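Reading the structure
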Amino acid sequence: MISPKMDKALNDQLNFEYYSAFIYLSMAASLERQGLPGFSNWMRIQFQEEQAHADKFYHHILERGGKVTLDKMAAPQVDWPSVLSAFEDALGHEQIVTSRINDLMSLALDEKDHASAMFLQWFVTEQVEEEATADEIIQK
Ligand code: FEO
C-alpha cells in the first residue's frame, strides 16, 4: 500500500507523462507541416513512448492500492520554427522529467517504499537514454 503522499506524487507524474506525450504529438504535427516527415515520425514515436510511460504509472498505482487520478493539463505549444528548436525544447523537457523522477525516487527512499524505488529505477535509466538521444540529434 502506498502512502497518500506517494499516491499524489505518482499521480502527478502519470499526468505529466501524458502532458509530455501531448508536447511530442504537437511537435510531430509542427514538423509534418514543415515537410519533415522523418523528424515528425520520430516525435510520434516519442508520443507513443510517453503514453507507455504513463501506463506504467497507472499500473503501479493500482497494484499498490492507490487511486488513479487524471487531471487537466496545460495546452502544449503549437509551432516550432525549426527542427533544432523542437529538439532543444525536447531536451529541456526531458531534463525536467529527469528532475521529477529524481525527486520521486528521493521520496520513495525517504518513505522506505522500496517497491516504488524499484519501479522508479527503470525511469532513472530511461531518462539517461532520453536525454542522450535528444542531445545527440541536436549535436548533429
Ligand atoms: Fe517519460 Fe520522455 O520521459
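Residues numbered from 1 in each chain as written. Predicted model: local features only at pLDDT ≥ 70, side-chain atom pairs only at ≥ 80, totals over all residues. Heavy atoms only, no water.

Here we look at the overall build of the protein
What counts is decided by this rule: Counting from the N terminus, the helices are the DSSP runs of H or I reaching at least four residues and the strands are the DSSP runs of E reaching at least two. We compute the radius of gyration over the C-alpha atoms and compare it with the globule rule, which gives 2.2 Å times the number of residues raised to the power 0.38. Three labels apply to residues, based on accessible area from a 1.4 Å probe with only protein chains included: buried if under 20% of the type maximum, exposed if over 50%, partly exposed otherwise in between. Two residues form a contact once any of their heavy atoms are found within 4.5 Å.
Per the secondary structure count, the protein includes 4 helices and 0 strands. Secondary structure of the protein in N-to-C order comes out as α-α-α-α. The C-alpha radius of gyration computed for the protein amounts to 16 Å, which stays within 12% of the reference 14 Å derived for 140 residues, consistent with globular compactness. Overall, the C-alpha framework of the protein stretches about 50 × 30 × 20 Å when taken along its three principal axes. The buried share of the protein, taken over its 140 residues, is 42%. In the protein, once contacts between residues fewer than 6 apart in sequence are set aside, the share between residues at least 24 apart is 81%.

What about the packing of aromatic side chains?
Selection rule: Stacked, edge-to-face and tilted labels apply to pairs of Phe, Tyr and Trp rings (six-membered ring for Trp) whose centres lie within 6.5 Å, assigned for plane angles under 30 degrees, over 60, and everything in between, in that order. Geometrically, a lysine NZ or arginine CZ counts as sitting over a ring once it is within 6 Å of the ring centre and also within 35 degrees of the ring normal.
A full pass over the atoms with the stated rule returns 7 aromatic pairs. For the pair Phe 39 and Phe 87, a centre-to-centre distance of 5.7 Å together with 70° between the ring planes defines the contact as edge-to-face. With a gap of 48 residues between them, Phe 39 in helix H2 (residues 37-63) and Phe 87 in helix H3 (residues 83-110) connect regions that are remote in the sequence. Among the residues examined, Phe 87 registers a relative accessible area of 1% and is labelled buried. In this structure an aromatic cluster arises from ring pairing among Phe 57, Phe 119, Trp 122 and Phe 123. One Lys or Arg, Lys 56, reaches over the ring of Trp 122 and ends 4.2 Å from the middle of that ring.

Concerning the nonpolar core
To be explicit about the condition: Buried Ala, Val, Leu, Ile, Met, Phe, Trp, Tyr and Cys residues that are joined via side-chain atoms within 4.5 Å together make up what is termed a nonpolar core.
Within the largest apolar cluster, 18 residues are counted, with the highest numbers of intra-cluster contacts made by Met 6, Leu 10, Phe 57, Leu 104, Phe 119 and Leu 120. Contributing elements (two or more residues each) for this core: helix H1 (4-33), H2, H3 and helix H4 (114-139). Looking at this core, the element that brings in the most residues is H3, giving 6 residues. Setting aside its immediate chain neighbours within four residues, Met 6 contacts Leu 104, Leu 107, Ala 108, Glu 111, Asp 113 and Ser 116.

Quick notes on the pattern of salt bridges
Selection criterion: Between Lys or Arg on one side and Asp or Glu on the other, a salt bridge is scored when a side-chain nitrogen of the former is within 4 Å of a carboxyl oxygen of the latter.
The tally for this structure, following the rule as stated, stands at 4 salt bridges. The residue Lys 8 makes a salt bridge to Asp 12 at a minimum N-O spacing of 2.9 Å. One end of the pair is Lys 8 and the other is Asp 12, both in helix H1 and 4 residues apart, which spans about a single turn. On the accessibility criterion, Asp 12 (36% relative accessible area) is partly exposed. Lys 140 is paired through a salt bridge with Glu 136; the nearest N and O atoms lie 3.7 Å apart.

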